[in-house]
Structures are given as structure tokens and as C-alpha cells.
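Coordinates in review
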Amino acid sequence: MDSFLLRGGTPLEGEIPISGSKNATLPLLAAVLLAPGFYRFTNVPQLKDVRTMSNLLRILGAKVDEAEHELHIDTSHATHVEAPYELVKTMRASFYVLGPLLARHGEARVSLPGGCAWGPRPVDLHMKGMEALGAKLDLDQGYVVARADYLKGAEFEFPISSVGASCNVIMAAVLARGTSVLKNIALEPEVTQLSIFLNRMGAKISGIGTRTLTIQGVPDLKPADAVMIPDRIETGSYICAVGMTSGKLRLTHADPSHMQIVIETARAAGLNVQYGSDSITVERRNGALKPFAITTDPYPGFPTDLQAPFMALAGLAGGESRITDTIYTDRFTHVAELARLGANIRMEGNVAVIAGVKEFVGAPVMSTDLRASVSLVLAGLAARGETEVKRIYHLDRGYEKLEVKLSRVGADIRRVEGEA
Ligand code: UD1
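The following refers to the structure shown. Fair warning: this is a prediction, and the values are worked out from it, not measured in the lab. (Residues numbered from 1 in each chain as written. Predicted model: local features only at pLDDT ≥ 70, side-chain atom pairs only at ≥ 80, totals over all residues. Heavy atoms only, no water.)

What about the layout of surface pockets?
Using the following cut-off: Within this scheme a cavity is a closed region of a 1 Å grid, computed over the protein atoms alone, that accommodates a 1.4 Å probe without allowing it to escape, whereas a pocket is open but has protein on both sides within 12 Å along at least five of seven lines; lining residues each have an atom within 4 Å of a point. Grid points are joined across faces, edges and corners, and a volume is the space filled by probe spheres set on the points. Three residue categories are used. Nonpolar comprises Ala, Val, Leu, Ile, Met, Phe, Trp, Tyr, Cys and Pro, charged comprises Asp, Glu, Lys and Arg, and polar comprises the others, including Gly.
Roughly 290 Å³ of internal volume is contained in the second largest pocket. Along the walls of the second largest pocket sit 17 residues, with Met244, Arg284, Leu289, Leu316 and Lys358 positioned nearest its centre. A class-by-class count of the residues in the lining of the second largest pocket yields 8 nonpolar, 6 polar and 3 charged.

Notes on helix 8 (residues 232–245)
Rule in force here: Under the scheme used here, helices are H or I runs from DSSP no shorter than 4 residues and strands are E runs no shorter than 2 residues, and both carry numbers assigned from the N terminus. Helices are assigned an expected span. That span is 1.5 Å times one less than the residue count. Working definition: with a 1.4 Å probe on protein chains only, accessible area under 20% of the residue-type maximum means buried, over 50% means exposed, and in between means partly exposed. Counting of polar contacts relies on pairs of N or O atoms within 3.5 Å, with two restrictions inside protein: one atom must be capable of donating a hydrogen and the other of accepting it, and residues adjacent in sequence are counted only when both atoms are side-chain atoms.
Between its terminal C-alpha atoms helix 8 stretches 21 Å, which fits the 20 Å expected from 14 residues at 1.5 Å a residue. Among the 14 residues that make up helix 8, 14 are buried, leaving the element largely enclosed by the rest of the structure. For helix 8, the N-terminal capping position is held by Asp231, with its side-chain oxygen 2.9 Å away from the main-chain nitrogen of Ile233. Positive phi shows up at Ser246, right after helix 8, with a value of about 75°.

Overview of the sheet that holds strand 4 (residues 63–67)
What counts is decided by this rule: When DSSP finds two or more bridges between two strands, those strands count as paired.
Reading across the sheet, the 4 strands line up as 4-5-3-14 and stay open at both edges, with mixed pairing between neighbours. Single-partner strands in this sheet number two, and they are strand 4 and strand 14 (226–227). Across 5 bridges, strand 3 (residues 38–42) lies against strand 5 (residues 70–74) in antiparallel orientation. Across the sheet, Thr42 pairs through a bridge with Glu70, a residue of strand 5.

So, the side chain of His126
The test is simple: The contact rule is simple, with two residues in contact once any of their heavy atoms fall within 4.5 Å.
Mapped onto the elements, His126 comes out in helix 5 (residues 124–132). For His126, a relative accessible area of 8% puts it in the buried group. Once you skip the residues sitting within four places of it in the chain, His126 turns out to touch Phe95, Gly164, Ala165, Asn168 and Val169.

Focus: the packing of helix 6 (residues 163–173) against helix 7 (residues 189–200)
Defined as follows: To get an axis, a line is fitted to the C-alpha atoms, and for a helix only the part in contact is used. The angle between two axes follows their N-to-C directions and goes from 0 to 180 degrees. An angle counts as roughly parallel when it lies under 35 degrees, as roughly antiparallel when it exceeds 145, as roughly perpendicular when it falls between 65 and 115, and as oblique in every other case.
Here helix 6 crosses helix 7 at 10°, and the two axes come no closer than 10 Å. Between helix 6 and helix 7, the crossing angle belongs to the class labelled roughly parallel. Of the residues in helix 7, those touching helix 6 at Val163, Ser166, Cys167, Ile170 and Met171 are Val191, Leu194, Ser195 and Leu198. Among the residues forming the contact of helix 6 with helix 7, the class breakdown is 7 nonpolar, 2 polar and no charged.

Looking at the site of the ligand
Our working definition: Summary of the distance rule: residues count as near a molecule or strand when at least one heavy atom falls within 4 Å of that molecule or strand. Method for areas: the Shrake-Rupley scheme with a 1.4 Å probe, in which residue coverage is limited to the protein chains shown.
With respect to spatial proximity, 18 residues lie near the ligand, and among them Asp124, Ser162, Val163, Asp305 and Ile327 are the closest. Within the backbone of Pro122, one N or O atom sits 3.4 Å away from an oxygen atom of the ligand. The separation between an oxygen atom of the ligand and a polar main-chain atom of Ile327 is 2.7 Å. Alone, the ligand offers 740 Å² of accessible surface; in the complex the protein occludes 83% of this. Elements with a contribution of two residues or more to the shell around the ligand: helix 5 and helix 6.

Some thoughts on the environment of Gly129
Here Gly129 shows up in helix 5. For Gly129 and Ile170, which are 41 residues apart along the polypeptide, the C-alpha to C-alpha distance reads 9.1 Å. Aside from chain neighbours lying at most four places away, what touches Gly129 is Phe156 and Val169.

As for the packing of aromatic side chains
Working definition: an aromatic ring pair is given by the centre-to-centre distance plus the angle between the planes. In plain terms, the rule: Under the pairing criterion, centres of Phe, Tyr and Trp rings, with the six-membered ring standing for Trp, must be within 6.5 Å; the plane angle then separates stacked pairs below 30 degrees from edge-to-face pairs above 60, leaving the rest tilted. The criterion for a charge sitting over a ring is simple: Lys NZ or Arg CZ within 6 Å of the ring centre, and within 35 degrees of the ring normal.
The final tally for this structure, using the stated rule, is 5 aromatic pairs. Between Phe156 and Phe158, the ring centres sit 4.9 Å apart and the planes meet at 85°, which makes this aromatic pair edge-to-face. Measuring from centroid to centroid gives 5.2 Å for Phe302 and Phe310, while their planes differ by 90°, and the two rings are edge-to-face. Linked through ring pairs, Tyr39, Phe41 and Phe197 together constitute an aromatic cluster. Between the NZ or CZ atom of Arg109 and the centre of the ring of Tyr143, over which it lies, the distance is 4.5 Å. Here the basic side chain of Arg177 rests over the ring of Tyr150, its NZ or CZ set 3.7 Å away from the ring centre.

Some details on the nonpolar core
Quick note on the threshold: By nonpolar core is meant a set of buried Ala, Val, Leu, Ile, Met, Phe, Trp, Tyr and Cys residues that side-chain atoms within 4.5 Å join together.
Membership of the largest hydrophobic core comes to 77 residues, with the highest contact counts inside it found for Leu34, Phe41, Ile73, Val97 and Leu198. Of the residues forming this core, the biggest block, 7 residues, is contributed by helix 6. Filtering out sequence-adjacent residues up to four positions away, Leu198 remains in contact with Ala31, Leu34, Ile170, Met171, Val174, Ala203, Ile205 and Leu221. Within the second largest apolar cluster, 66 residues are counted, among which are Leu251, Leu271, Ala314 and Phe332.

Here it is, written out as C-alpha cells:
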């Protein structure tokens, strides 16, 4: 397994291009199953999760060609309806194929994803939404087996805001007979991109960007092309990087409109953040970091995916910061590893109370999940001496060429290839 070796303490200076969004790409890759034909996606991040989804499409009968930041997909012969456990267990977003397969073929057999590193992460809302549209769902040897002669438009309110369940149920409803009214839809930009894309395929979704979508079902859809939106979590992680090291970075190909609460938080921490239409400039000169408070919430609230990176930042702020995760109340596997680098963090239920320390000191640490891993890299950028971040395969799922992007702007970081 590969690891990263870092020597902390060098300021970051220069430009980092932000990649396309992983979480926007994954649902669009499921949506291609809704209509046979040829799709061209651009600004696609080169990531393990995207490759996993491409492999799933291949298993379902699609042809997928990967080019530099592009995917060319032909679904003319994508007629299989089973998503196997071997793939779904490695990436929960594979479950997105349930809605499209069911809507198009009247049946789907999709493995349940199982738990993840920090908790159970259920998919009950995805399933309840399908049932509301008239599907019959059974569990067979760990697989969800869904059937419907045809899906019927219905009114369904999500009891909590869920990105994945919103995407899945929207994709099912676009081909249902009649009108669906879906309430409490997640507002994350990735969900919005999916709805816009589906309308380009011929769907009739109104209310995009609000909590209620009205979807008039259509009998069929046609392929469309798409350009992936910038990855807001990658952007936020590099904003933190400047806070950890000092220096000045210009993040290009970004979308500041998706980053408002993150920018406010970075400013509260003492960073100078300026932005234009598609770039963000972050600067930290000699001043000390200030403590701050974060409570994660569904968009436009503070993203749970950025609480771990911001915890690394809080670890060096002069005072006490508090980070509360309301989305995943157990998502704190990074706390013990950050402590190995010298962070002083106390847990009170789902609240991390961080007493800022003067410096981190390098040590070997181990990644336990994607966002926890990046918080360790960020902490290593600031730490005195050498930090080894082991098991970075988690990072490779969601950060494109992290070590290349960071070393180009001055960080001392390199990948050490390990045995598989
Ligand atoms: C997506 C993101 C993930 C991010 C998360 C929250 C993708 C591929 N992943 O995950 O990076 O951390 O949003 O912003 O886009 N829930 C249920 N039942 C369900 C579904 C969800 O109870 O059927 C709960 C979850 O346990 C969680 C909350 O709803 O507490 C929100 O989760 P959700 O938005 O669904 O997360 P994902 O779509 O899995």
C-alpha cells in the first residue's frame, strides 16, 4: 500500500487547478443508464471512485473509454440489471444505479453497500423513495431486488436531507408515468447538476435549486453531454492547506459560489480569502490562526466532508475551537491520528473541542477514510520533521494527484509505493 512522506514547514506559493467534482460525476455516471446512446463527459476527475463507477457501467453492458479528464460512454448495449457486491462494497455511490435501472428496465438487483469506516450509513431513504413510486423491493442474499411493471408519479417527502437518496429517486421519477412531487430534496450543487443534466436528456424537472422538485415523467430520454462542476471539497481542502503552512495560493477552475460558508470560516480563522468568478486566492502571512466554530449541515451549511481538514487547521489556532458534526455524528476517526502529531482534541459526543497548540511534530499516522486522510496530510504540511501518512488509497479515491498539486506549489511531499 502506498504512503506519503512529508516534511512540514514550507510555505505554499502558486496556483492549483481544481479538478472536476467526484460527487457530481458519480450520479451522472449512473444517469447514463436511463437512455441508450453515446455520452461525452468532460472535466472528469481522474480518481479511483470514477474508475470504480466506470467498471460498474462496463459490468452493466456499457462501453466506457477514458481519456484525459474525459469519459466517452456508449450505453447502446447496457442491458444488464445487476450491480454486484464486489463493486458496491468498495464504493457506496454504486447504489445510485438502482433508480436508473429500475426506471428503464422495470427491475434491478443491486447489492446493499454495507457500513463504512465510521458508521452504518443506511440507504433506507433511497428504498422508501422507490417504493413511493410503486416499486416492490425485496432483500435477497444482501441484494436489493426491485421490480415495477412501470413506476408511477407520486408525492414523496424525504424525512431528512440526503444527497444520495435525492439523486437516486430523482433518476427514477424522470421516467415514471405521471407527475412526482419530491419534497425536502438536498440542495447540494451536485444534486442540482444532476437535475440540470437530466433536463438536457429530455426530463421535465421544475423547481431545480429549491427543496421541492416537480417532475413530469416522460416515456424516454436521450443522451446528453456534460461538463463536471468544480470539486468544492478539494477546493476547501487547499484553502486549509494555506492556513496550515502560510503562503499564498490561487485556486483556479473553482466555483466560489459553492464555497460561501467555507470562505467565511477560513476568514474567521484569520486567512485572507478573495475570489473572482472562477478562482479563489487564499493568503496567510505571519499572523496567528484564530479559533473558530463549525457545525456541519446540509448545503448551504458547512460540509461534513470538510470538518476533518478544518480540524487540522483548528489544531494550530490560538485558542479553543469547536467542531460539531450533525450529519455523521461518529465521523471522528481522524481525532486520534491528529493527536499523534500533537493536536489537543477532546470529544464531547459529536462535538470536538480543539485546544490549539503551537506546533505539530511529525510522526507516522494512518488514514482511515478519505477526508480523515487529507486532514493528516494537511497536518503533516505544518508539522516539524517528517510525517508518514500510510494507507493513502483512501485519498486516491477522492483527491486527484494530491502530491503532484502540492509539490508544484512548494510542499515537500512524495509518494512511496508499497506492496499491494
Ligand atoms: C454524500 C456524499 C458524501 C457526503 C454526504 C453528506 C457522494 C457520493 N457522497 O453522501 O461525500 O459526506 O453526502 O454531505 O455524494 N441517510 C439515511 N438514510 C438514507 C440516506 C442517508 O438515514 O437512506 C442519512 C445519513 O446517514 C446521513 C444523512 O442522511 O446522516 C445525509 O447523508 P447523505 O446526504 O445521504 O450522504 P451520501 O449521499 O451517502
